[in-house]
Amino acid sequence: MSVTGDGGWYPLMLSADLEPGTAAGSTMLGRDLAVWRDGLGQAHVWDDRCPHRGMRLSLGFVREGALACLYHGWRFGADGRCVHIPAHPDLSPPGTIRAAPLRVAECWGLIWAAATDESGTLPEDDPALAAVPWVPVRSLRIEAPWQGVAGAIGLPEGELAAVLDRDVDGRVLAALLPVGEGACMLHLLAAEPAEVARLHDLADWGQDVRARAEERAGQVFLSGAVA
Amino acid sequence: MSALVLYDDELDEDCYRARLFLSFLGLQARRVVVDVVPGGEQDSAAFRAVSPAGVLPVLRIEGQAVCGAEAVLLALAHGRAEWLPEGAVDFARVAHWLQFAGGPLRAAVLMRRASLFAGAGDEQSARRRAAVAALRIVEDHLAHRRLDGGLWVVGEGPTVADIALFPTVALCRDWGEEHSAYPALRRWVRAVRALPGFVTMPGIPDYG
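Residues numbered from 1 in each chain as written. Chains lettered and ligands numbered in written order. Predicted model: local features only at pLDDT ≥ 70, side-chain atom pairs only at ≥ 80, totals over all residues. Heavy atoms only, no water.

Per an unreviewed UniProt entry, chain B is named Glutathione S-transferase, and its organism is Gluconacetobacter liquefaciens.

As recorded in an unreviewed UniProt entry, chain A goes by the name Rieske (2Fe-2S) protein, listed as coming from Gluconacetobacter liquefaciens.

Laid out in structure tokens, this is it:
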């Protein structure tokens, strides 16, 4: 598949994890993003910073097809332009006040964002994954460098997503979001038809991948009694 | 039922567990404010006379002082099968998560207190790791529940197990842990927020 790590498309989250009318945060190679879905179902990805006071837009809420900042309620429409300022309800906000949208694609049960305007092949154009519907299983945060996780699960060199056929029964779509130098999000989906027991197995496999990757990275998270 | 009295600290997530459940139940309690930060009133002789171990919250119910969030939740849930399932298996599951909330999850409670009131937020301490590990246990559980079509911690509807876990999850940003790392928790937090009678506390966004 043609999705590459450098200057390409990044798998932010499972489509199922962004309900209509909600906003969420994501981080792509250290770049904080606000991801939100309008009432029509369209996903939007912006830099996670309100043009007004720098508040994180991912903490905001969706009202009337716009993302509202939690701080002062400024609302930004699908194109990023400010459409409403509650403190000045009669003002038509100038077009220069706008959030910073990134290119977005949604396919195979994942929401993708492009790191630059010149990113290559759109994820939709990739034939390798289009053949079968994908059932979302879960995403896991892994406190380990993404390259190590990619190698451990068998992603081809330089790829952030691929169909795997190993360790678990049936075909698995694994997608990896590099959050930063030492952390990533692993998204797992199963090819239809997928029985519930298999989905549980796949979720468990993800936890196993997480535990082994973090152990290699010297990051161990053990629950227990603390003082 | 005689008047309920809640010994309460606005910024304490354990007290919020009690306030949240009271609100879901539509019950009013007379509020006695305990000034923990900076007052340290939880250690005063007057408060220790009510709560010998200095534990908050305290609910006075039928004249009996019940100390600690999980105990308060159980006392209020008594006889309410929708919040405290009567079936043996689901009751056992609720018991499991109440113990988890009062045990391993304390790492996250302590982490938040240290961050807010002792200026120790970003260090990669054993406490932070244990706190993250506890959140992950809930995240993993809810991710699996979702695969079975379940939204709540136990069974088909919200129980005291959800209320015992909710504040610590919803407040984890206070110690620098972002919800973006926990999609299953994020979905569940939205579900709890949508319940009739939901109330916030400082640190939990109020969308109005």
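More follows now that the structure is in view.
Comments concerning the overall build of chain B
Helix and strand counts for chain B come out as eight helices and four strands. When the elements of chain B are put in sequence order from the N terminus, they spell out β-α-β-α-β-β-α-α-α-α-α-α. In terms of C-alpha radius of gyration, chain B reaches 17 Å, essentially the compact-globule figure of 17 Å for 208 residues. Seen along its three principal axes, the alpha-carbon backbone of chain B occupies a region of about 50 × 45 × 35 Å. Relative to its full complement of 208 residues, chain B shows a buried share of 54%. (Helix = DSSP H or I, 4+ residues; strand = E, 2+ residues; numbered from the N terminus. Rg over C-alpha atoms; globule rule 2.2 N^0.38 Å. Buried < 20%, exposed > 50% of the residue type's maximum accessible area, 1.4 Å probe, protein only.)

A few points about the packing of helix H1 (residues 13-25) of chain B against helix H7 (residues 160-170) of chain B
Residue and element names in this part refer to chain B. Here H1 crosses H7 at 135°, and the two axes come no closer than 9 Å. Classified by the interaxial angle, the pair formed by H1 and H7 is oblique. You can see that H1 and H7 cross each other, and the crossing is right-handed. Counting all contacts with H1, which are made through Glu13, Tyr16, Arg17, Leu20, Phe21 and Phe24, the residues of H7 involved are Val160, Ile163, Ala164, Leu165, Phe166, Pro167 and Thr168. (Axes fitted to C-alpha atoms, helices over the stretch in contact; angles between N-to-C directions. Parallel < 35°, antiparallel > 145°, perpendicular 65-115°, else oblique. Left-handed = near helix turned anticlockwise from the far one by under 90°. Contact = heavy atoms within 4.5 Å.)

Re the domain arrangement of chain A
All names here are of chain A. The assigned domain composition of chain A is domain 1 (1-126) and domain 2 (132-216). Centre-to-centre separation of domain 1 and domain 2, based on C-alpha positions: 25 Å. Across the contact, 22 residues belong to domain 1 and 20 residues belong to domain 2. The contact between domain 1 and domain 2 buries some 1,400 Å² in all, and 69% of this surface belongs to carbon and sulfur atoms. Between domain 1 and domain 2 we count zero salt bridges in total. Elements that contribute at least two residues to the side of domain 1 that touches domain 2 include exactly strand S1 (9-14), strand S2 (23-28) and strand S10 (110-114). Among the residues forming the side of domain 1 that touches domain 2, the class breakdown is 14 nonpolar, seven polar and one charged. (Domains from an automatic or database assignment. Buried area = accessible area lost by both parts, 1.4 Å probe. Salt bridge = Lys/Arg side-chain N within 4 Å of Asp/Glu carboxyl O. Nonpolar A, V, L, I, M, F, W, Y, C, P; charged D, E, K, R; others polar.)

A word on the packing of aromatic side chains
Here the structure, examined in full by the defined rule, presents eleven aromatic pairs over all chains. Relative to tryptophan 112 of chain A, the ring of tryptophan 108 of chain A lies with its centre 5.6 Å away and its plane at 85°, an arrangement referred to as edge-to-face. This pair shows no difference in class: tryptophan 108 of chain A is buried, exactly as tryptophan 112 of chain A is. Following the ring pairs from residue to residue traces out a cluster consisting of Tyr16, Phe21, Phe24, Trp83, Phe166, Trp188 and Phe198 of chain B. One Lys or Arg, arginine 129 of chain B, reaches over the ring of phenylalanine 221 of chain A and ends 5.1 Å from the middle of that ring. Arginine 136 of chain B extends its terminal NZ or CZ atom over the ring of phenylalanine 221 of chain A, reaching a point 4.6 Å from the ring centre. (Phe/Tyr/Trp six-rings, centres within 6.5 Å; stacked < 30°, edge-to-face > 60°. Lys NZ or Arg CZ within 6 Å of the ring centre and 35° of its normal.)

Some words on the environment of leucine 151 of chain B
Residue and element names in this part refer to chain B. Structurally, leucine 151 is set in the loop between helix H6 (126-147) and H7. A relative accessible area of 28% places leucine 151 in the partly exposed class. When the C-alpha atoms of leucine 151 and tryptophan 188 are compared, they prove to be 6.6 Å apart, with 37 residues separating the residues in sequence.

So, the pattern of salt bridges
Residues and elements named next belong to chain B. Tallied over the full model, the rule gives 27 salt bridges over all chains. Across the pair aspartate 14 and arginine 113 runs a salt bridge, and its minimum N-O distance is 3.2 Å. With aspartate 14 in helix H1 and arginine 113 in helix H5 (residues 106-117), the pair connects residues that are 99 residues apart, well separated along the chain. A salt bridge links arginine 128 to glutamate 177; its shortest N-O distance comes to 3.6 Å. You can see arginine 128 sitting in helix H6 and its partner glutamate 177 sitting in the loop between H7 and helix H8 (183-193), a full 49 residues away along the chain. Classification of arginine 128 as buried rests on a relative accessible area of 6%. Within this structure, Asp12, Glu13, Asp14, Arg17, Arg106, Arg112, Arg113 and Asp174 form a network of salt bridges that share partners.

Points about the environment of histidine 187 of chain A
Residue and element names in this part refer to chain A. Topologically, histidine 187 is positioned in strand S14 (residues 183-191). Classification of histidine 187 by relative accessible area gives buried; the value is 0%. Residues histidine 187 and methionine 13, 174 residues apart in the sequence, show an inter-C-alpha distance of 7.0 Å. Not counting residues within four places of it along the chain, the set of residues in contact with histidine 187 comprises Pro11, Leu12, Met13, Leu14, Leu110, Arg138, Ser139, Leu173, Ala174, Ala175 and Leu177. At a separation of 2.7 Å, a polar atom in the side chain of histidine 187 contacts the side chain of serine 139. (Polar contact = N/O pair within 3.5 Å; in protein donor to acceptor, adjacent residues only side chain to side chain.)

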